[in-house]
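Coordinate analysis (summary)
So the chains spell out like this:
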Amino acid sequence: MSAVTRPVPNGASGSAPGSAPSSALLEVTDLTVEFRTPGGPVRAVDRLSYRVEAGRTLAIVGESGSGKSVSSLAVLGLLPDTARVTHGSVRLAGTDLLGLSRKEHRARCGDQVAMVFQDALAALNPVHTVGYQLTEALRGRRGMSRADARKRAVELLDLVKVPNARARVKEYPHQFSGGMRQRVMIASALAMDPDVLIADEPTTALDVTVQAQVLRLLAEIQAERQMGLVLITHDLGVVAGVADDVTVMYAGTAVEQAPVAPVYTTPAHPYTRALLRSIPSASGAGRLSVIPGRPPSPGAMPAGCPFHPRCDAVRDVCRTDVPPAAVPAEDRMSACHFAADIMAGREPAPDDKDTGGHDD
Ligand SMILES: Nc1ncnc2c1ncn2[C@@H]1O[C@H](COP(=O)(O)OP(=O)(O)O)[C@@H](O)[C@H]1O
Ligand SMILES: [Mg+2]
């Protein structure tokens, strides 16, 4: 069973109808998540599709509130009670996780999909040693002995390059720096040997130099173990040397999907283009520009393209019609009416203001 309801241009081996089963480890198709709120249902994720293959890294990039975390929680079966998946599928090595009970879903992910959260200090328990926390799951779920667990904890800290691991497993989280704590979180996520690691803004809380070290470490481990890595970030600047593919999210939807290199050279969506312009320069000269305005809240989406109120290439059609998913080049998707123009570096043709007063 490898039916794909619509092509996901992301990744090197998109599966055409009738082709061999997809090689995707994790395949998210048309995922839609709604929250129950006093004002009615609010759609936080809207028909999101992506795929992650063994040995590849997918970066999911978007401003705060674009649905990056909520979509990941849905993948892991960890949505809060007020949210539910209203549409779509999440396949892990071919099994539709959303067809399982919540308990089975989580159990299945517990072994095969791990997540690293942004705030390591909040995720670690201050009253237990780092070594204890690294191996709690191994002892509980795999019945590992104390001695073996201690040995494994040292191995895990070595793996994430925490110096002097043998001594440090006995220390408490507050004795670690921010960067070292984030390494502990990564080690903890790796304890069960997952096939897929979802890292949700793993370096946002860290300073720039430490960010780069932690990202490099993640990339190394990913390559070594041939894991699938989903790297979530609001900063398009950090994914260049790390990701293979990029999904850009805006207001709950994927607006552009492509291999990483062309995202930088020929972005096919005005939002991606604007994100690129807002990357701080390496010289520390600050942001070149900030995208004016704010993303819409899920309860108050504008008509037409969700990005149109902030778009510097907006035309009349954008204010009324939701853009279809265009495929401006092989392996690429852009939800822009003018994807081909933007990708080619051309501005879309101006609106024809003379047609307003014609006779019927
Ligand atoms: N508990 C909640 N109740 C209602 N809406 C929520 C809740 N959590 C998140 N949302 C909505 O889902 C959207 C996506 O949130 P999130 O996935 O956390 O964004 P990101 O991780 O991209 O910053 C937010 O804009 C927010 O409005
Ligand atoms: Mg988030």
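See the structure above.
Keep in mind that what you see is a predicted model, and the values were worked out from it rather than measured.

Analysis parameters
Residues numbered from 1 in each chain as written. Chains lettered and ligands numbered in written order. Predicted model: local features only at pLDDT ≥ 70, side-chain atom pairs only at ≥ 80, totals over all residues. Heavy atoms only, no water. Helix = DSSP H or I, 4+ residues; strand = E, 2+ residues; numbered from the N terminus. Near = heavy atom within 4 Å. Polar contact = N/O pair within 3.5 Å; in protein donor to acceptor, adjacent residues only side chain to side chain. Areas by Shrake-Rupley, 256 points an atom, 1.4 Å probe, with all protein chains shown as cover. 1 Å grid on protein atoms, 1.4 Å probe; cavity = no way out; pocket = protein on both sides within 12 Å on 5 of 7 lines; lining within 4 Å. Points joined across faces, edges and corners; volume = space filled by probe spheres on them. Nonpolar A, V, L, I, M, F, W, Y, C, P; charged D, E, K, R; others polar. Pairing = 2+ DSSP bridges. Axes fitted to C-alpha atoms, helices over the stretch in contact; angles between N-to-C directions. Parallel < 35°, antiparallel > 145°, perpendicular 65-115°, else oblique. Contact = heavy atoms within 4.5 Å. Expected span 1.5 Å × (residues − 1). Buried < 20%, exposed > 50% of the residue type's maximum accessible area, 1.4 Å probe, protein only. Phe/Tyr/Trp six-rings, centres within 6.5 Å; stacked < 30°, edge-to-face > 60°. Lys NZ or Arg CZ within 6 Å of the ring centre and 35° of its normal.

Here the focus is unusual backbone geometry. The general pattern is negative phi for most residues beyond glycine and trans for most peptide bonds. The backbone of Ala93 sits at a positive phi, close to 45 degrees, despite the residue not being glycine. Position of Ala93 among the secondary structure elements: in the loop between β4 (83–92) and β5 (95–96).

This paragraph deals with the site of ligand 1. Close contacts around ligand 1 come from Phe35, Ala44, Glu63, Ser64, Gly65, Ser66, Gly67, Lys68, Ser69, Val70 and Pro298, and that covers them all. In this structure, Ser66 approaches ligand 1 through a main-chain N or O atom, which is 3.1 Å from an oxygen atom. Here an oxygen atom of ligand 1 and a backbone polar atom of Val70 are 2.8 Å apart. Alone, ligand 1 offers 560 Å² of accessible surface; in the complex the protein occludes 66% of this. Element by element, the count of residues in the shell around ligand 1 is highest for helix α1 (residues 68–76), at 3 residues.

So, on to the layout of surface pockets. In this model, the largest pocket occupies a volume close to 650 Å³. For the largest pocket, the lining is made up of 24 residues, of which Ala114, Met115, Ala137, Ser188 and Ala189 are closest to its centre. Every element with two or more residues in the lining of the largest pocket is listed here: α2 (102–112), β6 (113–116), α4 (130–142) and α7 (178–190). Among the elements that make up the lining of the largest pocket, the one with the highest residue count is α4 (5 residues). Class assignment of the residues belonging to the lining of the largest pocket gives a composition of 16 nonpolar, 5 polar and 3 charged.

With that settled, the discussion passes to the sheet that holds strand β2 (residues 42–53). With respect to topology, 4 strands assemble into an open sheet ordered β2-β1-β4-β5, the strand pairing being antiparallel. Either end of the sheet is taken by a strand with one partner, and the two such strands are β2 and β5. Here strand β1 (residues 24–35) runs beside β4; their pairing, made up of 8 bridges, is antiparallel. The residue of β4 that forms the bridge with Glu27 is Arg91.

It is the contact of α1 with α2, at a shortest axis distance of 8 Å, that shows an interaxial angle of 100 degrees. As the angle between them shows, α1 and α2 are arranged roughly perpendicular. Here Ala74, Val75 and Leu76 of α1 come into contact with α2, specifically with His105, Arg106 and Cys109.

Now for α7. With 13 residues, α7 extends 19 Å between its outermost C-alpha atoms, agreeing within 8% with the 18 Å of an ideal straight helix rising 1.5 Å per residue. Within α7, 11 of the 13 residues are buried, leaving the element largely enclosed by the surrounding structure. For α7, every residue scored as buried is listed here: Gly179, Met180, Arg181, Gln182, Arg183, Val184, Met185, Ile186, Ala187, Ala189 and Leu190. Contacts from the buried residues of α7 go to β6, α3 (120–123), α4, α5 (146–159), β7 (196–200) and α8 (208–225).

All chains considered together, the criterion is met by 1 cavity of 30 Å³ or more. Lining the largest cavity are 14 residues; nearest its centre among them are Pro270, Cys305, Cys311, Cys318 and Cys336. Tallied by class, the residues present in the lining of the largest cavity amount to 11 nonpolar, 3 polar and no charged.

Before going further, it helps to spend a moment on the packing of aromatic side chains. Scanning the entire structure with this criterion turns up 3 aromatic pairs. With a centroid separation of 5.0 Å and 80 degrees between ring planes, the pair formed by Tyr250 and Phe307 is classed as edge-to-face. Here Phe307 lies in the loop between α10 (270–277) and α11 (316–320) and Tyr250 lies in strand β9 (residues 245–250), a separation of 57 residues in the sequence. Note on Tyr250: relative accessible area 1%, which makes it buried. Accessibility expressed as a relative area gives 1% for Phe307, which makes it buried. In this structure an aromatic cluster arises from ring pairing among Tyr250, Tyr271 and Phe307. Against the face of Phe176 rests Arg168, its NZ or CZ located 4.1 Å from the ring centre.

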